[in-house]
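Structural overview for review
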Amino acid sequence: MSAPHPAHEPGFDLEALREKYRVERDRRIRPDGSRQYRRTTGEFGYFEEDPYADRDFSREPLHDRVEVLIIGGGFGGLLAGTRLRQAGVRSIRVIEKGGDFGGTWYWNRYPGIHCDIESYIYMPLLEEVDYVPRWKYAPGEEIRQHARAIATRFGLYDDVCFQTLATELRWDEAESGWLIATDRGDHMRARYASTRPTGCGVPTASPSDPTGGCTSPSSWPAGSAPWIRPPETST
Ligand SMILES: Cc1cc2nc3c(=O)[nH]c(=O)nc-3n(C[C@H](O)[C@H](O)[C@H](O)COP(=O)(O)OP(=O)(O)OC[C@H]3O[C@@H](n4cnc5c(N)ncnc54)[C@H](O)[C@@H]3O)c2cc1C
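What counts, and at which threshold
- Residues numbered from 1 in each chain as written.
- Predicted model: local features only at pLDDT ≥ 70, side-chain atom pairs only at ≥ 80, totals over all residues.
- pLDDT = per-residue confidence, 0-100.
- Contact = placed C-beta atoms within 7 Å.
- Helix = DSSP H or I, 4+ residues; strand = E, 2+ residues; numbered from the N terminus.
- Expected span 1.5 Å × (residues − 1).
- Buried ≥ 20, exposed ≤ 12 C-beta atoms within 10 Å, placed from the backbone.
- Pairing = 2+ DSSP bridges.
- Axes fitted to C-alpha atoms, helices over the stretch in contact; angles between N-to-C directions.
- Right-handed = clockwise from strand over helix to strand, strands pointing away.

Observations regarding the confidence of the model for the protein chain
Across the protein chain, the average pLDDT comes to 85, with 81% of residues at or above 70. When the criterion is pLDDT under 50, residues 200–216 qualifies, and its contacts beyond four places in sequence or with other chains add up to 27 contacts. Low pLDDT (under 50) marks residues 219–235, which in the prediction has 21 contacts with non-local residues, meaning those over four places away or in another chain.

And the structure:
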């Protein structure tokens, strides 16, 4: 039996491990960064269309004030909203480009989509929503429904602006607050602003397929894949 390592030593060559990960990381970094991707404009403009949203939706522009404004209704925005609610903040507005909460899991609905981190770890606020994941690696639809349950549980639907793209976020020194403009003509004010628009779900056309033979990750009809049906028992 080998002698135990002192508590402060990992028992392996930490520097060699760091170097290994550095090499792997460097292999994936391209000098052109996000410029390697095509913009979703022109011939790829259809990637920006939201097949789940109400195309006829309209509303009057808002010119009001909220305490906290959150841009993005994915898990980042949901967690921010939840923690603020738990801290007692009442006036919270989420602005979300899509037609519902979920972010990544709203936009991406292709067959076979699951999280690749165990559901118990990946899905936030399970205890708060009183939900037990049915799959070890939950399918996208289960995760999307969980996002909706979080928003319902914490009243984040109350003042939400879906199908609304925040186009400007500017600090107003004189008013000590944020000015938010959107593509729906809104000019809102907020004491605090939280930006969570990671955009993993925002489709980006691949440069490797210049012919346009690519498909939006949101363009599969709900329930089109048999694996969406949860198993009878947890895995
Ligand atoms: C297929 C897939 C599988 C994944 N699996 C895992 C996993 O197993 N484990 C893991 O840790 N991560 C996973 N991820 C990463 C996943 O994206 C994150 O875990 C998480 O969901 C990101 O949440 P978010 O709120 O930061 O961003 P998003 O989910 O991208 O939400 C951001 C939201 O902001 C909105 N938005 C952006 N700009 C604006 C604007 N200007 N105005 C209004 N709204 C705007 C977008 O429409 C979007 O809904 C996966 C991602 C994908 C695509």
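And the narrative resumes.
A short note on helix 2 (residues 75–86)
Over its 12 residues, helix 2 runs 16 Å from end to end, which matches the ideal 16 Å to within 8%, given 1.5 Å per residue. Taken as a whole, helix 2 has its buried residues at F75, G77, L78, A80, G81, T82 and L84. In this fold, the buried residues of helix 2 make contact with strand 1 (65–71), strand 2 (92–95), helix 6 (140–153) and strand 5 (187–195). A positive backbone phi angle near 100 degrees is found at G88, which sits one or two residues after helix 2.

Examining unusual backbone geometry
Not every positive phi belongs to a glycine, and D130 is a case in point at roughly 60 degrees. By the secondary structure assignment, D130 is in the loop between helix 5 (126–129) and helix 6. Looking at D130, the number of C-beta atoms within 10 Å reads 9, which means it is exposed. Positive phi, normally seen in glycine, also occurs at S176, with a value near 50 degrees.

Notes on the sheet that holds strand 4 (residues 177–182)
With mixed pairing, the 5 strands of this open sheet are ordered in space as 2-1-5-4-3. Each end of this open sheet is capped by a strand with a single partner; those strands are strand 2 and strand 3 (166–172). Pairs of neighbouring strands in the sheet enclose a mean axial angle of 45 degrees, with direction left out of account. Here 6 bridges tie strand 1 to strand 5, and the two strands are oriented parallel to one another. For R65, the partnering residue across the bridge sits in strand 5 and is R189.

Side note on the pairing of strand 1
Counting buried positions along strand 1 gives 5 out of 7 residues, so the element sits mostly inside the fold. Here strand 1 pairs with strand 2 via 4 bridges, running parallel. Residue pairing for strand 2: L69 is matched across the bridge by R93. Crossover handedness for the path strand 1 to helix 2 to strand 2: right-handed.

A word on the environment of G102
Relative to the helices and strands, G102 resides in the loop between strand 2 and helix 3 (104–107). Apart from the residues within four sequence positions on either side, G102 is in contact with G73, G74, R144, A147 and R148.

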